[in-house]
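# Structural description and commentary
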Amino acid sequence: QVQLVESGGGLVQPGGSLRLSCAASGSIYNIYAMGWYRQAPGKQRELVARFTNGGNTIYADSVKDRFTISRDNAKNTMYLQMNSLKPEDTAVYYCNFKLYIGALRDYWGRGTQVTVSS
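Reading the values: rules and limits
Residues numbered from 1 in each chain as written. Predicted model: local features only at pLDDT ≥ 70, side-chain atom pairs only at ≥ 80, totals over all residues. Heavy atoms only, no water. Buried < 20%, exposed > 50% of the residue type's maximum accessible area, 1.4 Å probe, protein only. Helix = DSSP H or I, 4+ residues; strand = E, 2+ residues; numbered from the N terminus. Pairing = 2+ DSSP bridges. Polar contact = N/O pair within 3.5 Å; in protein donor to acceptor, adjacent residues only side chain to side chain. Contact = heavy atoms within 4.5 Å. Disulfide = S-S within 2.5 Å. Axes fitted to C-alpha atoms, helices over the stretch in contact; angles between N-to-C directions. Phe/Tyr/Trp six-rings, centres within 6.5 Å; stacked < 30°, edge-to-face > 60°.

## Overview of the pairing of strand β9 (residues 91-100)
- Extensive coverage of β9 is indicated by the burial of eight of its 10 residues.
- In this sheet, β9 lies alongside strand β4 (residues 31-39) in antiparallel orientation, the contact comprising eight bridges. Each bridged residue has a counterpart across the sheet, and for Y37 the counterpart in β9 is Y94.
- Bridge analysis of β9 against strand β10 (residues 104-108) gives five bridges, and the strand direction is antiparallel. Bridging across to β10, Y100 finds its partner in L104.
- Two successive antiparallel strands, β9 and β10, enclose a turn made up of three residues, where G102 displays a positive phi of approximately 80°.

## Side note on the side chain of T77
- Examined against the element boundaries, T77 turns out to sit in strand β8 (residues 77-82).
- Overall, T77 belongs to the buried group, its relative accessible area being 13%.
- Separated by 2.9 Å, the side chain of T77 and the backbone oxygen of K75 make a polar contact.
- With residues near it in sequence (within four places) discarded, T77 still touches S21, C22, A23, R71 and D72.

## Notes on the state of the cysteines
- Across all of its chains, the model carries one disulfide by this definition.
- The side chain of C22 participates in a disulfide bridge whose partner is C95; the two sulfur atoms lie 2.0 Å from each other. Torsion about the S-S bond of the C22 and C95 cystine: about -70°, corresponding to left-handed handedness. Taken as a pair, C22 in strand β3 (residues 18-25) and C95 in strand β9 lie far apart in primary sequence, 73 residues in all. You'll find C22 and C95 in the same group, each marked buried.

## Examining the sheet that holds strand β7 (residues 67-72)
- Spatially, β1-β3-β8-β7 is the arrangement adopted by the four strands of the open sheet, whose pairing is antiparallel. Bordering the open sheet on either side are β1 (3-7) and β7, each of which pairs with just one other strand. Taken pair by pair, the neighbouring strands of this sheet meet at an average axis angle of 15°, ignoring direction.
- Pairing between β7 and β8: six bridges, direction antiparallel. Residue pairing for β8: F67 is matched across the bridge by M82.

## As for the environment of N30
- Relative to the helices and strands, N30 is located in the loop between β3 and β4.
- Along the sequence, N30 and I101 sit 71 residues apart, while their C-alpha atoms lie 7.2 Å from each other.
- N30 has contacts with K98, L99 and Y100, leaving out every residue within four places of it along the chain.

## Some words on the packing of aromatic side chains
- Going through the model one piece at a time under the given rule, you end up with three aromatic pairs.
- Relative to Y100, the ring of Y32 has its centre 5.8 Å away and its plane inclined at 25°; by these criteria the two rings are stacked. Note that Y32 is positioned in strand β4 and Y100 in strand β9, a separation of 68 residues in sequence.
- With relative accessibility at 36%, the residue Y32 sits in the partly exposed group.
- For Y100, a relative accessible area of 36% puts it in the partly exposed group.
- Each ring, one from Y37 and one from W108, has its centre 5.2 Å from the other, and the planes form 70°; the classification is edge-to-face.

These figures capture arrangement, not role.
Have a look at this one:
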């Protein structure tokens, strides 16, 4: 019932910017956290940025001062503004919601490709 759809990925040159969106639909209740993760080829999926249960934000050290996570509750949409992109930012970016529905569960979008290359 919970569906997450990412958009906004693409090809960008180093130093460029992209804005990712995650549109959520379905039974969105008891949100413990929501955020963005990414996975590069041959590497583990890693946290990029997220909102905590208390509404604070957490960023990976590698993206601090470059990326900004935000949300529009009225539109059930979460965003990731990515500036000063580097080749090492190349990955598939995934939207994640952590919901408590009888138990704490993870929900994921399909992912959107971000490629940073000259």
